[in-house]
Amino acid sequence: MTIGKPVLRIEDRRFLTGQGRYVDDITLPRQCHAAMVLSPHAHADILSIDKSEAETMPGVLAVLTGHDVEADGLGKVPPFFMPELWGGPPGYATLRPLLIKDRVRFVGERVAMVIAETADQARAAADAVIVDYAARPAVVDAQAALDPDAPVLWEDCPTGNRSVTLKFGDAQQTAEAFEAAHLVVSRSFASPRIAPFSLEPRGCIGDFNAGEDHYTLHTSSQDPHGFRRILASVVLNIPESALRVISPDVGGGFGLKAHMHPEDGLVLWASRRVGRPVKWIATRSEAMQTDTQGRGQTAHAEMALDVSGRILGLRVRAYHNLGAYFWGTATPPLFFSMQLLPGTYVIPAVDLETNAVFTNIAPLSVYRGAGRPEAAFVIERLMDEAASMLRLDPREIRARNYVLPQQMPYTNGAGLTYDSGDFPRLASECAELADWDGFAERRAASQQAGRLRGRSITSYIEVAGVMNERMEIRFDPSGTLTIIAGTHSHGQGHATVFSQMVSEWLSLDMKDIRYVQGDTDKVLIGRGTFAARSSMLGGTALRKAVDDLVLKASKMAAVLLKVEENDVEFADGLFRTRTSNQTMSLKDVARFFYLPAGPVMRFSLGLYGEGTSAGKPGAQPNFPNGCQVCEVEVTPETGEIRIDRFVCMDDVGKALNPMICEGQIHGGCAQGIGQALLEEMVYDETGQLTTGSLMDYCLPRADHMPFIQSKLIEIPSTSNVLGVKGIGESGTIGTPAAIVNAILDAVRPLGVTDLQMPVTAGRLWDALHAAAGQHGEVKGMQS
């Protein structure tokens, strides 16, 4: 048995020994380099571009502009998909040119491209391109952008700067619930824009073969086939067979690399123009300006409760800051931030609305969690505020409102149907693991040391398993099996986990299993990896591929064993006859599929299996869920925050590899800690990015990380044959709310009743001293 075991990752040998192969490790013959000219204005008309000096500089091969793009007939890029594809209303979809020739709409727009012999020569020449701009007024705040007097980004958008409004629930029913309420809790919450900040910056190499009229793109991508589809059919206007996309090792994706960026099309086009491979690798400052960003939601929320603390209704009006374009996969955060607002609770009436708004900042797209952390933050902050106002323990108010196991499957007020889960159990076991009852003693010790201590308990639920997927397996004549995956692993450990599964199902040694991914010439079709989809969709498709292969092999085995096909059964890597003790191994049967004559003449040449699986909307997704307990210490004199205790309890349905599951959870928690305490992309009122380097944008370091104690619970999902629930997003989702609620629990006795993310030491110090101005001196003791 290998499924469910903490098998060490087979990928790690090459990474730990420096043998990984990323885009920047690839050097093609006669390769040259590209650099981009980026707009310094958030909103401006381009009056002229003077490239004459740049064209004469050493090593320069070409300087290309938006006029060249237009002359060569390259297409503009639409969003990956719009809300109407998911059952929402139509929205205004922007079309984005690869290079801008007339009007820039955020700082970092690509205005020109320089190709030179070396990267340094290309950057030097890019600095010499002179662009004459006429500045326009800019707007950076989503709500301000809806003001009738705000600058308009897209004049043909019929609703001004609003692309789309999504609504869920029943407004009348919710209004009645609020009228009947004993208590209404109202708060405004912000999930600021944050940078995905993958360890490996984006990079790509375009290679056009004129002799074959064929393109090859090496790119840091989570979804190679998705890149190929857009680049071939929309940008280059060529058959998909004329473009090969290779995504080698990828150093972090987090949603940033789930969709193409302009550079992916530009290097292919530039290669055709100069007749040589063209390479582009983002500098860190370039990435900060040009990468898509995550979160960017402001929500005004109200919750109605009865006298016992049971929720009667939830009303939310939210605004998502799209930035300058509806770009990439911006749709999922809009939906999930609303549909998951009810969380793990029974909320009889909901009235939920979000508005997707254009502003003069970098485009929004998916970032790890994609809407789920926003939803969890709103509902869990409201739960703690309600508990405080009703003087209830935060565990108790949640216990009174949980969806119970016997209510499953349960459809929440926003239309999502949870298939399975035991939220009260997770909360109880998480609190026990965190020593909830020992908090008073720890708080007293903190008081003795002059510090404040607070705690929180946070439940969350998410949705996983979207779209469809395909997996293929095939034997070679020697008996080695290859998995050809439509998913894409960029840190998730797919080579290990999928090999574990096939090893158990076919009784093969994992050493006899190869793993192939990320090459559109080798993989027929695939959707890549994002949204915690691979375990369910990839795993289910892999199970079907194994069944397909065994069925084909059974027919050959019956011939070889001289029995009827229905007299053959397969178990433990062997074909057996039911009427005798004859056996034959799968490997031996596989070899017969490769003989030049004999029984193979009656069957296909070669032994392979293929399988597909479908997620939303073709089938029900799965709903990972969990609970977190956080304890923090606050030093009131400085505002310093230390996470002292962090416990995660996660329902993963079925843990295919518990070690990898926990690693995913820990990584997600690190990103949640960054969001809660440190990270924020800040633009001034003119649209200038003020946090464009690591001097200003703070990422979590080792000393920010607590010891994370985690435990996995297995409550099988009923939506797939494996029973799995996706784990890739989970740690990210509940962590921001858990940390902010714990901080507020520590400082609420001193009069601090609200805090916005990121809760930096400076912001907390300001809040403490503002409260002291109203209530008295800041003291380092809990009242």
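Shown above is the structure to which this text applies.
One structure accompanies this document, and this report is about it. Not measured: the values here are computed from a predicted model. (Residues numbered from 1 in each chain as written. Predicted model: local features only at pLDDT ≥ 70, side-chain atom pairs only at ≥ 80, totals over all residues. Heavy atoms only, no water.)

### Topic: the overall build of the chain
Per the secondary structure count, the chain includes 20 helices and 28 strands. Over its C-alpha atoms the chain spans a radius of gyration of 28 Å, differing by no more than 12% from the 28 Å that the globule rule assigns to 783 residues. Viewed in the frame of its principal axes, the chain has a C-alpha envelope of about 90 × 80 × 50 Å. Only carbon and sulfur atoms are counted for the fraction: they give 51% of the accessible area of the chain, which is about 28600 Å². Of the side chains in the chain, 73 bear a positive and 92 a negative charge, and the two mean positions are spaced by 4 Å. (Helix = DSSP H or I, 4+ residues; strand = E, 2+ residues; numbered from the N terminus. Rg over C-alpha atoms; globule rule 2.2 N^0.38 Å. Areas by Shrake-Rupley, 256 points an atom, 1.4 Å probe, with all protein chains shown as cover. Lys, Arg positive; Asp, Glu negative; His and termini not counted. Charge placed at Lys NZ, Arg CZ, Asp CG, Glu CD.)

### Quick look at the sheet that holds strand β18 (residues 452–461)
With mixed pairing, the four strands of this open sheet are ordered in space as β18-β26-β27-β28. Each of the sheet's edge strands pairs with one partner strand only, and the pair in question is β18 and β28 (708–713). Each adjacent strand pair in this sheet contributes to an overall mean axis angle of 15 degrees, direction not counted. Most of the contacts of helix α14 (residues 439–448) go to β18, to which it runs at about 140 degrees, and overall it touches β18, β26 (625–635) and β27 (640–651). Lying over the sheet, helix α19 (residues 730–747) contacts β18, β26 and β27, oriented at roughly 150 degrees with respect to β18. (Pairing = 2+ DSSP bridges. Axes fitted to C-alpha atoms, helices over the stretch in contact; angles between N-to-C directions. Contact = heavy atoms within 4.5 Å.)

### Some words on the pattern of salt bridges
Enumeration according to the criterion identifies 53 salt bridges in this entry. D12 is the salt-bridge partner of R9, the closest N and O atoms lying 2.7 Å from each other. Here D12 falls in the partly exposed class, since its relative accessible area comes to 23%. R14 is the partner of D249 in a salt bridge, and the nearest nitrogen-oxygen pair spans 2.5 Å. Here R14 lies in helix α1 (residues 12–16) and D249 lies in the loop between β11 (243–246) and α8 (262–274), a separation of 235 residues in the sequence. (Salt bridge = Lys/Arg side-chain N within 4 Å of Asp/Glu carboxyl O. Buried < 20%, exposed > 50% of the residue type's maximum accessible area, 1.4 Å probe, protein only.)

### Overview of the sheet that holds strand β4 (residues 103–104)
Taken together, three strands build an open sheet; the order of strands is β4-β2-β6 and the sheet is antiparallel. Among the strands making up the open sheet, the edge pair consists of β4 and β6 (130–135). Direction of pairing for strand β2 (residues 44–50) relative to β6: antiparallel, over a ladder of six bridges. In the sheet register, I46 faces β6, and the bridge partner there is Y133.

### Re the environment of Y345
Among the secondary structure elements, Y345 is positioned in the loop between α10 (331–339) and β15 (349–358). The class for Y345 is buried, based on a relative accessible area of 0%. Sequence spacing of Y345 and N412 is 67 residues, and the spatial spacing of their C-alpha atoms is 8.5 Å. Beyond its immediate stretch of four places on either side in the chain, Y345 contacts I311, I379, E380, M383, R398, N401, Y402, V403, Y410 and S459. Among the polar contacts made by the side chain of Y345, one reaches the side chain of E380 at a distance of 2.6 Å. (Polar contact = N/O pair within 3.5 Å; in protein donor to acceptor, adjacent residues only side chain to side chain.)

### What to know about the nonpolar core
Where a protein is soluble and globular, its nonpolar side chains tend to be buried together. Counting residues in hydrophobic clusters, the biggest one holds 193 residues, and the most contacted among them are M113, L314, V316, L677 and V747. Non-local contacts of L314, meaning those with residues more than four positions away in its chain, are made with T174, F178, E302, M303, L341, I347, A349, V350, D351, L352, I379 and L382. Formed by 45 residues, the second largest nonpolar core is a distinct cluster that contains A485, L506, A558 and L586. (Core = buried A, V, L, I, M, F, W, Y, C linked by side-chain atoms within 4.5 Å.)

### Observations regarding the side chain of R110
With respect to the element layout, R110 can be found in strand β5 (residues 110–116). In this structure R110 comes out as buried when scored by relative accessible area, which is 1%. At 2.7 Å, the side chain of R110 forms a polar contact with the side chain of E263. Contact partners of R110, with chain neighbours within four places excluded, come to M36, V37, L38, R96, L98, L99, I100, R202, H261, P262, E263 and T290.

### Quick notes on the packing of helix α7 (residues 224–236) against α8
Here α7 crosses α8 at 60 degrees, and the two axes come no closer than 11 Å. Here α7 lies oblique to α8, going by the angle between them. Two packed elements cross with a definite hand, and for α7 against α8 that hand is right-handed. Side by side, α7 and α8 meet where F227, L231 and L236 of the first sit next to D264, G265 and L268 of the second. Considered class by class, the residues forming the contact of α7 with α8 number four nonpolar, one polar and one charged. (Parallel < 35°, antiparallel > 145°, perpendicular 65-115°, else oblique. Left-handed = near helix turned anticlockwise from the far one by under 90°. Nonpolar A, V, L, I, M, F, W, Y, C, P; charged D, E, K, R; others polar.)

### Here's the deal with the environment of R602
Inspection of the secondary structure puts R602 in the loop between α17 (586–592) and β25 (608–614). Each C-alpha atom of the pair R602 and V559 lies 9.7 Å from the other, and the pair is 43 residues apart in sequence.

### Quick notes on the pairing of strand β12 (residues 278–281)
Pairing of strand β1 (residues 32–38) with β12, which is carried by two bridges, proceeds in the parallel orientation. Bridge assignment links H33 to a residue of β12, and that residue is K279. Judged from the four bridges that link them, strand β9 (residues 203–209) and β12 form a sheet pairing that is antiparallel. Paired with G203 across the bridge in β12 is I281.

### Considering the state of the cysteines
In the structure shown here, the tally under the stated rule is zero disulfides. Summary of cysteine pairing: C32 is not part of a disulfide, and the nearest cysteine sulfur, belonging to C204, is at 12 Å. Given the relative accessible area of 0%, C32 is considered buried. Distance from the sulfur of C661, which forms no disulfide, to the nearest cysteine sulfur (C648) is 13 Å. We classify C661 as buried; its relative accessible area is 8%. (Disulfide = S-S within 2.5 Å.)

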